[in-house]
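Listed below, chain by chain, are the residues.
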Amino acid sequence: MGKKEENTAFICAVCHRSVLPFKHGTYRNHCPFCLTSVHLDVLPGDRKSTCKGIMKPIGVKNHSKKGWQIVHQCLKCRMEKVNVVGIDDDWSKIIELCHSLQT
Ligand SMILES: [Zn+2]
Ligand SMILES: [Zn+2]
């Protein structure tokens, strides 16, 4: 699959918890605890971006086919990216994000 070497544990840049990779090959692109991502990819999984900015969750979407998605925006270059919610993401954080959008 070519993604194996990218699928390693990392320390979240924001909450500093260690984030373990998924066991089933899908690579993780955001922290399940605080939902923050880092701008590493140009295309999903390629790790080719030179930005490395912190990507803050700014919104939540419900995609009819892909399910729940988190909208991330890079604090450095302002790029927005949509990421599918991970199975062990903190739902209370996602719900908090939903509420913060409605106010
Ligand atoms: Zn985190
Ligand atoms: Zn960026």
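Residues numbered from 1 in each chain as written. Chains lettered and ligands numbered in written order. Predicted model: local features only at pLDDT ≥ 70, side-chain atom pairs only at ≥ 80, totals over all residues. Heavy atoms only, no water.

**Student:** Looking at this structure, I do not really get the packing of aromatic side chains. What am I missing?
**Tutor:** Within a pair of aromatic rings, the relevant descriptors are the distance that separates the centres and the angle that separates the planes. The tally for this structure, following the rule as stated, stands at 1 aromatic pair. The side chain of Arg17 reaches across the aromatic face of Phe33, ending 4.3 Å from its centre. (Phe/Tyr/Trp six-rings, centres within 6.5 Å; stacked < 30°, edge-to-face > 60°. Lys NZ or Arg CZ within 6 Å of the ring centre and 35° of its normal.)

**Student:** Just checking my understanding: could you explain the coordination of the zinc ion (ligand 1) for this structure?
**Tutor:** Coordination angles at a metal have ideal targets, namely 109.5 degrees for four tetrahedral donors and 90 or 180 degrees for six octahedral donors. All of the protein donors around the zinc ion (ligand 1) are Cys12 (SG), Cys15 (SG), Cys31 (SG) and Cys34 (SG); their distances to the metal are 2.2 to 2.3 Å. Coordination at the zinc ion (ligand 1) is tetrahedral, judged from the 4 donor atoms that bind it and the angles of 105 to 114° they form at the metal. Positions of the donor residues of the zinc ion (ligand 1) along the chain correspond to the pattern C-x2-C-x15-C-x2-C. Residue Cys15 is located in the loop between strand 1 (10-11) and strand 2 (18-19), and its partner Cys31 is located in the loop between strand 2 and strand 3 (37-38); the two are separated by 16 residues in the primary sequence. (Donors = N, O, S within 2.8 Å, 3.2 Å for Na, K, Ca; no water. Tetrahedral: all angles 85-135°; square planar, octahedral: opposite > 155°, others 65-115°. Helix = DSSP H or I, 4+ residues; strand = E, 2+ residues; numbered from the N terminus.)

**Student:** Help me understand the coordination of the zinc ion (ligand 2) in this model?
**Tutor:** With distances of 2.0 to 2.3 Å, the protein atoms coordinating the zinc ion (ligand 2) are His39 (ND1), Cys51 (SG), Cys74 (SG) and Cys77 (SG). One way to put it: the 4 donor atoms around the zinc ion (ligand 2) meet at angles of 104 to 121°, and that makes the site tetrahedral. Considered as a linear motif, the donors of the zinc ion (ligand 2) on their single chain read H-x11-C-x22-C-x2-C. Highlighted residues: Cys51 in the loop between strand 3 and strand 4 (54-63) and Cys74 in strand 5 (residues 67-74), separated in sequence by 23 residues. No difference in accessibility class separates Cys51 from Cys74, as the two residues are buried. (Buried < 20%, exposed > 50% of the residue type's maximum accessible area, 1.4 Å probe, protein only.)

**Student:** Please explain the side chain of His72 as it appears in this structure.
**Tutor:** Along the chain, the position of His72 falls in strand 5. Residue His72 is classed as buried on the basis of its relative accessible area of 0%. Within polar-contact distance, the side chain of His72 engages the backbone oxygen of Leu35 at 2.6 Å. Leave out the neighbours within four places in its chain, and His72 touches His30, Leu35, Thr36, Ser37, Met55, Lys56, Pro57, Ile58, Met79, Glu80, Lys81 and Asn83. (Polar contact = N/O pair within 3.5 Å; in protein donor to acceptor, adjacent residues only side chain to side chain. Contact = heavy atoms within 4.5 Å.)

**Student:** So what exactly am I meant to see when it comes to the sheet that holds strand 6 (residues 80-84) here?
**Tutor:** Pairing between sheet strands relies on hydrogen bonds along the backbone, with the strands arranged either parallel or antiparallel. Spatial ordering of the open sheet is given by 3-4-5-6, a layout of 4 strands whose pairing is antiparallel. Two strands in the sheet have a free side with no partner beyond their single neighbour: strand 3 and strand 6. Each of strand 4 and strand 5 touches helix 1 (residues 91-102); the most contacted strand, strand 4, lies at about 85° to it. (Pairing = 2+ DSSP bridges. Axes fitted to C-alpha atoms, helices over the stretch in contact; angles between N-to-C directions.)

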